[in-house]
Amino acid sequence: MEKGTLVEFRVQGDRRLGVVDRPDGKTRWFVVDERGQSHSLAPRQITYTVNGQTYKPSEIPSFLEQAQAYLDPSSLEVAWELLVEDGETVTPNQMANLLFSESDALYCYAAHCLLSEDKLYFKQKAEAYEPRTAAQVAERKHQMEVEALKAKGQQEFLARVEQALKGEAVEWQRHDLQRLEGLEKYAALLADTVRMGVNYDSLARAYPPPAPVLETMTMLGRPTTPPGAFQLLVDLGWWSPYENLFLRRSSIPIQFPNKVLEVAQQRLDFPPTDLDANRLDLTHLKAYTIDDESTTEIDDGLSWELLPDGRERLWVHIADPTRWLAPEDDLDLEARKRGSTVYLPTGMIPMFPELLATGPMSLVQGRVCCALSFGIVLDLTGAVEDYSIHTSFIKPTYRLTYEDADEVLELGVQAEPEIEAIATWAQRRRAWRYAQGAISINMPEAMIKVKGDEINIDILDDSASRQLVAEMMILAGEVAARYGQAHNIPLPFRGQPQPELPPEEELLQLPAGFVRACAMRRCMPKSEMSITPLRHAGLGLDTYTQATSPIRRYSDLLTHFQLKAHLRGEMLPFSAEQLKEVMMTVTTTTQEVTMVERQTNRYWALEYLRRHPEQTWSVTVLMWLREDSNLALILLEDLGLQLPMIFKRSVNLGEQILVKVSHADPQKDMIQFQEIIYQEAQTAAN
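Residues numbered from 1 in each chain as written. Predicted model: local features only at pLDDT ≥ 70, side-chain atom pairs only at ≥ 80, totals over all residues. Heavy atoms only, no water.

Let's talk about the overall build of the protein
- Along the protein, the regular secondary structure elements total 22 helices and 25 strands.
- Taken against the 2.2 N^0.38 rule, which gives 26 Å for 686 residues, the C-alpha radius of gyration of the protein at 39 Å runs more than 25% over that of a compact globule.
- By principal-axis analysis of the C-alpha atoms, the protein measures approximately 125 × 70 × 45 Å.
- In the protein, which comprises 686 residues, the proportion classed as buried is 47%.
- Residue pairs in contact within the protein that sit at least 24 positions apart in sequence constitute 65% of those at least 6 positions apart.
- Accessible surface for the protein amounts to roughly 34,900 Å². Of this, 49% is attributable to carbon and sulfur atoms.
- In the protein, 69 positive and 99 negative side-chain charges are present, and the distance between their average locations comes to 4 Å. (Helix = DSSP H or I, 4+ residues; strand = E, 2+ residues; numbered from the N terminus. Rg over C-alpha atoms; globule rule 2.2 N^0.38 Å. Buried < 20%, exposed > 50% of the residue type's maximum accessible area, 1.4 Å probe, protein only. Contact = heavy atoms within 4.5 Å. Areas by Shrake-Rupley, 256 points an atom, 1.4 Å probe, with all protein chains shown as cover. Lys, Arg positive; Asp, Glu negative; His and termini not counted. Charge placed at Lys NZ, Arg CZ, Asp CG, Glu CD.)

Here you go:
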């Protein structure tokens, strides 16, 4: 190659011209570019040689400027139309003659530039270029249009992202939503750090981002990890910093399908025919509903009446949602899919659409309501002496909170003797169950509520009114199960095997109170479900089913479907095998609901503690988790929270100590405490 020959080469993908200066060894050449920089090139690195004359590096800019005037890509289309029919290849020299009617070095180089950069009409074949077929060109045009639209969409998306990052209102487009939903799914993998007990790095390796997520995160310069996706969604204002990832990672539906909402509205506007035409009219009875103040799905009420023979009858009235739906209809199948209402510190996700659940399905004060009423006569010991079950009409007289009911009981309000009578029977009933082997384990239970940015944790009191309601619900459950057993009706019976409690002498060696209760609780086996009656050892009952929350628990709804059909003398909606199959599905769903509720409560408990780093907490050492490494379970008595703690000294079960939170990370499910010695606590108090 002669000195002064002008050649084209690439530097990191960029087209560059240079002038051959001298050989570099046997095969390479030193080439000087327009900037005076020298490059050692092998022959394969030279992409084009400009023949016809020699040049100086200083002449390169002028040469490029002249060539630029002929670089019109649209001119290739005319050439392609002339060449495509024969399909013959063309060299840059031939293309220069075709396009410019010239074959000088400048025109040949311009033709080379057009052909080598072309992605549409020609493809390189050795030193020449072959025209693509008409079909190939049409397909590539389509691809280029798609890519152009994609690029445009990316730029518009980036513009909206910039708006959102500045805190401005953004109207996200349909394609944006697909991107954001992909980010949501990827960010929700963070919940697996808790569920699977893995760290962020392991999670990122186990779950590489899908291509659209990788593209979005890379485009925005964000870390392509689940935490990176989470932080981006927070920064965009799309998610709260406290987004419930456990819920998002679950299969629990948050919103109702439009079709289900439409059906609910239709049922409200045009109530279906009541299949229970012979409802017992109990509207003359004073009926009390007792719930938490925040409860909106009111599904149970209580009455008391004196019978002509001097006996007393208790009435447990249960809401009758099956009045508004039928087995296998849209409302029923949606409720089955949900399994139960989900109760979270931030609010609830109902099993039925709210316009029904909190309206005609609920036992609303002052309104005539459909119910399934259990009339029960107890003997003096608290055992069931007689009972009957009726579809009914009731008219709730009072909507009481637990605090209201406690006040009535404490003051002995003369105008409300019915509540006092129900409470008396509840106490007898409780005593009877314990005589039958019921097991009571009392541990403080935290009730966490989040409103806006405020977290409140209260201990759920085991008050007289709560015990009263609990006993009446258990009583109704026993009666429903006894009716099913007596008439051979498949029901979702619930049982619990007899626990193997520690020997009395072993329990007595443990500190009384929470430590002993905790040891007993560890021995309690899980409850079981069956289509045939089971003994429930924990409740002290030979047979039991849940029937008192049909608006909130699907298994209770199944009980209602079966009992009501039998009361009408109709064929049962679910055979034993059908009921078993449905119960298996619902049990799996409700286990997931329970897990999400537990994880969410723990998250907010840790967030509450994270916000109170200076607070000193009195705790009790409940049990050893790993005694060899001093890892114990502690009870924060003021909050009713049970959490792990590693001790730096020997401690005893039941020992009460003072602690502070040294580190808390709710997203990673991490909590660490440090013990506060007495002198430090005194100083802090002063």
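Structure shown, so let's carry the discussion forward.
A few points about the sheet that holds strand 21 (residues 617-626)
- Read from one edge to the other, the open sheet built from five strands follows the order 23-22-21-24-25, with strand pairing classed as antiparallel. Every interior strand has two partners, whereas the edge strands, strand 23 (641-646) and strand 25 (670-676), have only one. With strand direction ignored, the average angle separating the axes of adjacent strands in the sheet is 45 degrees.
- Relative to strand 22 (residues 631-636), strand 21 runs antiparallel, the two sharing six bridges. Directly across from Trp-624, in strand 22, lies its bridge partner Ala-632.
- The sheet contacts of helix 21 (residues 576-610) involve strand 21, strand 22, strand 23, strand 24 (656-665) and strand 25, and relative to strand 23 the element is tilted by about 65 degrees. (Pairing = 2+ DSSP bridges. Axes fitted to C-alpha atoms, helices over the stretch in contact; angles between N-to-C directions.)

Digging into the sheet that holds strand 4 (residues 38-41)
- With antiparallel pairing, the five strands of this open sheet are ordered in space as 4-3-2-1-5. Each of the sheet's edge strands pairs with one partner strand only, and the pair in question is strand 4 and strand 5 (46-50). Strand-to-strand twist of the sheet, defined as the mean angle between neighbouring strand axes without regard to direction, takes the value 40 degrees.
- Pairing of strand 2 (residues 14-24) with strand 3 (residues 28-33) involves six bridges; the strand directions are antiparallel. Across the sheet, residue Arg-22 finds its bridge partner in strand 3, namely Phe-30.

Examining the side chain of Arg-466
- With respect to the element layout, Arg-466 can be found in helix 17 (residues 464-486).
- The contact partners of Arg-466, leaving out residues within four places of it in the chain, are Asp-292, Tyr-402, Leu-460 and Asp-461.

Focus: helix 6 (residues 174-187)
- For helix 6, which comprises 14 residues, the first-to-last C-alpha distance of 20 Å matches the rise-based estimate of 20 Å (1.5 Å per residue) to within 8%.
- Each element contacted by the buried residues of helix 6 is listed here: helix 5 (134-165), helix 9 (211-219), helix 10 (226-235) and helix 11 (245-249). (Expected span 1.5 Å × (residues − 1).)

A short note on the pattern of salt bridges
- Evaluation of the coordinates by the stated rule reveals 48 salt bridges.
- Where Arg-10 meets Glu-117, a salt bridge forms, and the shortest distance between an N and an O atom there is 3.3 Å. With a gap of 107 residues between them, Arg-10 in strand 1 (residues 6-11) and Glu-117 in helix 4 (residues 105-117) connect regions that are remote in the sequence.
- Taking the relative accessible area as the measure of exposure, Arg-10 reaches 32% and is therefore partly exposed.
- On the accessibility criterion, Glu-117 (42% relative accessible area) is partly exposed.
- Two residues, Lys-564 and Asp-276, come together in a salt bridge whose shortest N-O distance is 3.1 Å. With Lys-564 in helix 20 (residues 554-567) and Asp-276 in the loop between helix 12 (258-269) and strand 8 (280-281), the pair connects residues that are 288 residues apart, well separated along the chain. Taken as a pair, Lys-564 and Asp-276 share a single burial class, namely buried. (Salt bridge = Lys/Arg side-chain N within 4 Å of Asp/Glu carboxyl O.)

Some remarks on unusual backbone geometry
- Unusually for a residue other than glycine, Ala-126 sits at a positive phi of about 60 degrees.
- With respect to the helices and strands, the residue Ala-126 is situated in the loop between strand 6 (122-125) and strand 7 (128-131).
- A relative accessible area of 66% means that Ala-126 is categorised as exposed.

Examining a negative patch on the surface
- There is a patch of like negative charges on the surface, built from Glu-293, Glu-403, Asp-404, Glu-407, Glu-410, Asp-458, Asp-461 and Asp-462.
- When residues in the negative patch are grouped by element, the largest group, four residues, is from helix 15 (residues 402-411).
- Looking at where Asp-404 falls in the secondary structure, it is placed in helix 15. (Patch = residues over 30% accessible without salt bridge, like charges linked within 9 Å, V, L, I, M, F, W, Y side chains within 5 Å.)

A short note on helix 20
- Between the first and last C-alpha of helix 20 there are 20 Å, a value that for 14 residues agrees with the 20 Å anticipated at 1.5 Å per step.
- Within helix 20, 12 of the 14 residues are buried, which leaves the element mostly enclosed by the surrounding structure.
- Buried within helix 20 we find Tyr-554, Ser-555, Asp-556, Leu-557, Leu-558, Thr-559, His-560, Phe-561, Gln-562, Leu-563, Lys-564 and Ala-565.
- Downstream of helix 20 by a residue or two, Gly-569 has a phi angle that is positive, lying close to 80 degrees.

Things to note about empty space enclosed by the protein
- The tally for this structure, following the rule as stated, stands at one cavity of 30 Å³ or more.
- Put simply, the largest cavity is a space of about 100 Å³.
- At the level of secondary structure, the elements contributing two or more residues to the lining of the largest cavity comprise helix 7 (191-195), helix 11 and helix 21.
- A per-element tally of the lining of the largest cavity places helix 21 first, with three residues.
- Here the residues of the lining of the largest cavity sort into 10 nonpolar, three polar and one charged. (1 Å grid on protein atoms, 1.4 Å probe; cavity = no way out; pocket = protein on both sides within 12 Å on 5 of 7 lines; lining within 4 Å. Points joined across faces, edges and corners; volume = space filled by probe spheres on them. Nonpolar A, V, L, I, M, F, W, Y, C, P; charged D, E, K, R; others polar.)

Structural notes on the packing of aromatic side chains
- The full count for this structure, using the stated rule, is 15 aromatic pairs.
- Their ring planes at 70 degrees and their centres at 5.0 Å tell us that Tyr-70 and Tyr-107 sit as a pair that is edge-to-face. Of this pair, Tyr-70 sits in the loop between helix 1 (60-68) and helix 2 (75-83) while Tyr-107 is found in helix 4, placing the two residues 37 residues apart along the sequence.
- Of the residues examined, Tyr-70 reaches a relative accessible area of 27% and is grouped as partly exposed.
- Among the aromatic side chains, those forming a connected cluster through ring pairs are Tyr-48, Tyr-55, Phe-63 and Tyr-109.
- The lysine or arginine in question, Arg-279, covers the ring of Phe-393, its NZ or CZ lying 5.9 Å from the ring centre. (Phe/Tyr/Trp six-rings, centres within 6.5 Å; stacked < 30°, edge-to-face > 60°. Lys NZ or Arg CZ within 6 Å of the ring centre and 35° of its normal.)

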